[in-house]
Amino acid sequence: DPQGCCRCFLFRMAIRFHRRVIRRWLDFSRAHREALLELLCDETVTRTYMVPPLETEEKKNSMFLRFEELSHSPGRYIRAIQLSGKLIGIINDVGTEDGKIELGYAMLPRYWGHGYMTAALRTAISELAEAGFNRVECGAFETNEKSIAVMKRCGMKMIAETDRVSYRGTDHLCVYYALNIREKT
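Residues take numbers from 1 onward in each chain, read along the sequence in its written order. Totals for whole chains, interfaces and linings use every residue, but because this is a predicted model, local features are given only for residues with pLDDT of at least 70 and side-chain atom pairs only at 80 or more, for both listing and counting. Only hydrogens and water are set aside when side-chain values are computed; all heavy atoms of the structure are taken into account.

Describing helix α4 (residues 116–130)
Move 1: Secondary structure elements follow DSSP: runs of H or I of four or more residues count as helices, runs of E of two or more count as strands, with numbering from the N terminus. Expected helix span is computed as 1.5 Å times (number of residues minus one). Taking 1.5 Å as the rise per residue, α4 with 15 residues should run 21 Å; its terminal C-alpha atoms sit 21 Å apart, in good agreement.
Move 2: Throughout this description, buried means an accessible area under 20% of the type-specific maximum (1.4 Å probe, protein chains only), exposed means over 50%, and partly exposed covers the range between. The buried fraction of α4 is high, at twelve of 15 residues.
Move 3: For α4, the full list of buried residues reads Y116, M117, T118, A119, A120, L121, T123, A124, I125, E127, L128 and A129.

Quick word on the packing of α4 against helix α5 (residues 145–153)
The packing of two helices is summarised by the inter-axis angle and the distance between the axes.
Move 1: Here the axes come from fitting lines to C-alpha atoms, over the contacting stretch only for helices, and the angles between their N-to-C directions go from 0 to 180 degrees. As a packed pair, α4 and α5 sit with axes 9 Å apart at the nearest point and diverge in direction by 45 degrees. The orientation of α4 with respect to α5, classified from their angle, is oblique. Of the two possible hands of crossing, α4 and α5 adopt the one that is right-handed. Note on element contacts: α5 touches α4 through V150, M151 and R153, opposite M117, T118, L121 and R122.
Move 2: Of the residues that constitute the contact of α4 with α5, the class distribution is four nonpolar, one polar and two charged. Here the angle decides the label: under 35 degrees means roughly parallel, over 145 means roughly antiparallel, 65 to 115 means roughly perpendicular, and every other value means oblique. By definition, any crossing whose near helix is turned counterclockwise from its far helix by less than a right angle is left-handed, and any crossing with a clockwise turn is right-handed. The contact definition used throughout considers only heavy atoms, calling two residues in contact when any of these lie within 4.5 Å. Residue polarity is assigned by list, with Asp, Glu, Lys and Arg as charged and Ala, Val, Leu, Ile, Met, Phe, Trp, Tyr, Cys and Pro as nonpolar; anything else, Gly included, falls into the polar class.

Topic: the pattern of salt bridges
Move 1: Any carboxyl oxygen of Asp or Glu that lies within 4 Å of a side-chain nitrogen of Lys or Arg is treated as forming a salt bridge with it. Going through the model one piece at a time under the given rule, you end up with ten salt bridges.
Move 2: Notably, a salt bridge pairs E38 with K86, separated by 3.8 Å at the nearest N-O pair. Of this pair, E38 sits in helix α2 (residues 30–41) while K86 sits in strand β4 (residues 86–97), and the two are 48 residues apart along the sequence.
Move 3: For E38, a relative accessible area of 33% gives the class partly exposed.
Move 4: Since its relative accessible area comes to 30%, K86 is described here as partly exposed.
Move 5: Here the salt bridges do not stand alone but share partners, grouping E38, K86 and R110 into one network.

Let's talk about unusual backbone geometry
Move 1: Phi angles above zero are rare outside glycine, and D98 is one such case at about 50 degrees.
Move 2: Inspection of the secondary structure puts D98 in the loop between β4 and β5 (100–107).
Move 3: Using a relative accessible area of 66% as the deciding quantity, one classes D98 as exposed.
Move 4: In the Ramachandran plot, R168 falls in the positive-phi region, its phi being about 50 degrees despite a non-glycine side chain.
Move 5: The residue R168 is located in the loop between β7 (157–167) and β8 (170–180) in this model.
Move 6: Residue class for R168 comes out partly exposed when judged on its relative accessible area of 42%.

Limitation: the analysis is restricted to geometry and does not speak to function.
Rendered as structure tokens:
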């Protein structure tokens, strides 16, 4: 059961690659809370990473607590991407179904263009293959060329599925990429 296997990853130690780390949520501190909220409130990030407006401290605190709660939920995949101990991005599941998992991800713009997200997504794909998932999918607005490039560098291929999404007052076409990571047995 891939979803049951994913549960054990919440208790796994951080995965290190080069100077980057994907860390489980259970290690988060107050400093990580501020970094997560910086990410989720960044104007550039929120153009494409779908999160509700966090206009008040109450909404910000509620969002952080929601991420923390989901990280303790069985079968959820949520990881912090860290560079030198600082949270610079996140990868999280959007949904799972029948051996398939859809991921979303975001990174602070000042860290774009260094290969960090590509390395983090590759690590996540490897973890999810070990957990028993057969397929990883990611979606992006068709205009989000950087995200699409990350998916392609990770070996993902565009699939026929698309969605029309209304986000923050604008309609977007969402395109999907997928990678079959294990043969079904």
